[in-house]
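Each chain, letter by letter, is given below.
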Amino acid sequence: MEALHDFELVRAATLDDVLKARAAHPQSALVGGGTDLMVNIRRGIVTPPVLIDVTQVGELQAVNADEGALEIGASVTLNTLAQDDAMRRHYPVVAEAAHAIAGPTQRNMGTVGGNLCLDTRCIFYNQSEWWRSANNHCLKTTGDTCHVAPKSHGVCFATYSGDLAPALLVLGAEVDIASPSGTRTIPLNDLYIGYARHDDAVEGDGKNFLSLEAGEIVTAVRAANTSGLTSAYDKIRIRRSIEYPVAGVAVALLRDGDALVDLRVAVTGTNPRPVLLEGTAELCGGPLNDDVLQGLDALARDQIMPMKTTFTPGHYRRRVASVLAQRLVTRLYAE
Ligand SMILES: Cc1cc2nc3c(=O)[nH]c(=O)nc-3n(C[C@H](O)[C@H](O)[C@H](O)COP(=O)(O)OP(=O)(O)OC[C@H]3O[C@@H](n4cnc5c(N)ncnc54)[C@H](O)[C@@H]3O)c2cc1C
Ligand code: SF4
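A brief report on the enclosed structure follows.

Definitions and cut-offs
Residues numbered from 1 in each chain as written. Chains lettered and ligands numbered in written order. Predicted model: local features only at pLDDT ≥ 70, side-chain atom pairs only at ≥ 80, totals over all residues. Heavy atoms only, no water. Salt bridge = Lys/Arg side-chain N within 4 Å of Asp/Glu carboxyl O. Helix = DSSP H or I, 4+ residues; strand = E, 2+ residues; numbered from the N terminus. Buried < 20%, exposed > 50% of the residue type's maximum accessible area, 1.4 Å probe, protein only. Pairing = 2+ DSSP bridges. Axes fitted to C-alpha atoms, helices over the stretch in contact; angles between N-to-C directions. Near = heavy atom within 4 Å. Polar contact = N/O pair within 3.5 Å; in protein donor to acceptor, adjacent residues only side chain to side chain. Areas by Shrake-Rupley, 256 points an atom, 1.4 Å probe, with all protein chains shown as cover. Nonpolar A, V, L, I, M, F, W, Y, C, P; charged D, E, K, R; others polar.

**Comments concerning the pattern of salt bridges**
According to the stated counting rule, one finds 13 salt bridges in the structure shown. A salt bridge links Asp36 to Arg121; its shortest N-O distance comes to 3.8 Å. Taken as a pair, Asp36 in the loop between strand S2 (29–31) and helix H2 (37–42) and Arg121 in the loop between helix H7 (112–116) and helix H8 (129–134) lie far apart in primary sequence, 85 residues in all. Each member of the pair, Asp36 as well as Arg121, is classed as buried. Of the charged contacts, one joins Lys235 and Asp163 as a salt bridge, the two residues approaching to 2.9 Å between their closest N and O atoms. Placement of the pair is Lys235 in strand S9 (residues 230–236) and Asp163 in the loop between H8 and helix H9 (164–169), with a sequence separation of 72 residues. On the accessibility criterion, Lys235 (2% relative accessible area) is buried. In this structure Asp163 comes out as buried when scored by relative accessible area, which is 3%.

Put into structure tokens, the structure is as follows:
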């Protein structure tokens, strides 16, 4: 039995409360539903002295979706998102991804902000303190070796597994970020800096996978609609009722007559970041045929870089991602 360490809980009612608490407690952690953070605290992976509960902050509760745009506050629960009629009608990829997360209990508690900022995962990391200690820890915590890739020279390959990020990436979403020194908006793709093979400059890895600065909080995610774009999300998991993705794939496409004119594919559960596949525009311009699907498979093989960080072999997850992507593209093109 593992005991929680002593910590102070700050229940914020306004964004101003959150930012003041962040400034006053630099070592604090934000807590949404706590469905991931509390597990990591119980396992002794992180021990923040102060938790700032953001679930009751009024400014973070918006859910707006219409044919023009979507806006989702960071403290909106996954269940609210999955069941929102307008979201399901105009942005099905987002509602489907939210519905595919964990089980009903976690979706009732878990939030959009917590899901977007979900810690990366690894079989050598998501373990009890005594298990990790028996293995001399690893460099994502207090050790000095990566057990997945002992010659990684300080790089961690833990896997990003949040389901919402790929769904929002194919919509071209942006995130709003606030801190005691102001606000900024960045493309959602730029929130993630975990190493992926096609990145030009390697900024981060599975340990440092978010571009958030100290004291910053994600407040909302927004996206403009593209007229005629259809979208969907699917994932393969070991237990269909409640499980992280072996691989999760979001697809958005636009068909004009017999031509595929826009194609966006994003993948989670494979790399230290959600991967928005590059090169899909080159597959557009003609009808969907075997050449396009083979081209998509080639992009996935090149850019998906799964390591043996979860209970399935890396190469299997890459194949799952490619097959899911091809199935979704074929289905959406035929609709
Ligand atoms: C059995 C089980 C199965 C699961 N299956 C899945 C799954 O299939 N797919 C999936 O995606 N997840 C899964 N999860 C993980 C988790 O339940 C979800 O990702 C959930 O959305 C996390 O949200 P939360 O609000 O509970 O996050 P929390 O645990 O509260 O926080 C997670 C992280 O985000 C940070 N954070 C929270 N809010 C903000 C904010 N506004 N700005 C910046 N940082 C913030 C926290 O500090 C923490 O580091 C599973 C968890 C369990 C226990
Ligand atoms: S990939 Fe390596 S460093 Fe990262 S959590 Fe796993 S064992 Fe640790």
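**Focus: the sheet that holds strand S3 (residues 50–53)**
Here we have three strands laid out as an open sheet, ordered S1-S3-S2, and parallel in their pairing. Looking at which strands have only one partner, the edges of the open sheet turn out to be strand S1 (8–11) and S2. On average, adjacent strands in this sheet sit at an angle of 30° to one another, irrespective of strand direction. Alignment of S1 against S3, held across four bridges, turns out to be parallel. For Glu8, the partnering residue across the bridge sits in S3 and is Val50.

**Let's talk about the site of ligand 1**
Surveying the vicinity of ligand 1 reveals 31 residues, the closest of which are Leu30, Thr35, Thr111, Asp163 and Glu243. A distance of 2.6 Å separates an oxygen atom of ligand 1 from a polar backbone atom of Leu30. Thr111 is positioned such that a nitrogen or oxygen atom in its side chain is 2.6 Å from an oxygen atom of ligand 1. Coverage of ligand 1 by the protein amounts to 90% of the 980 Å² it exposes when considered alone. Those elements giving two or more residues to the shell around ligand 1 turn out to be S2, H7 and strand S8 (217–224). The element contributing the most residues to the shell around ligand 1 is H7, with three residues. Considered class by class, the residues forming the shell around ligand 1 number 15 nonpolar, 12 polar and four charged.

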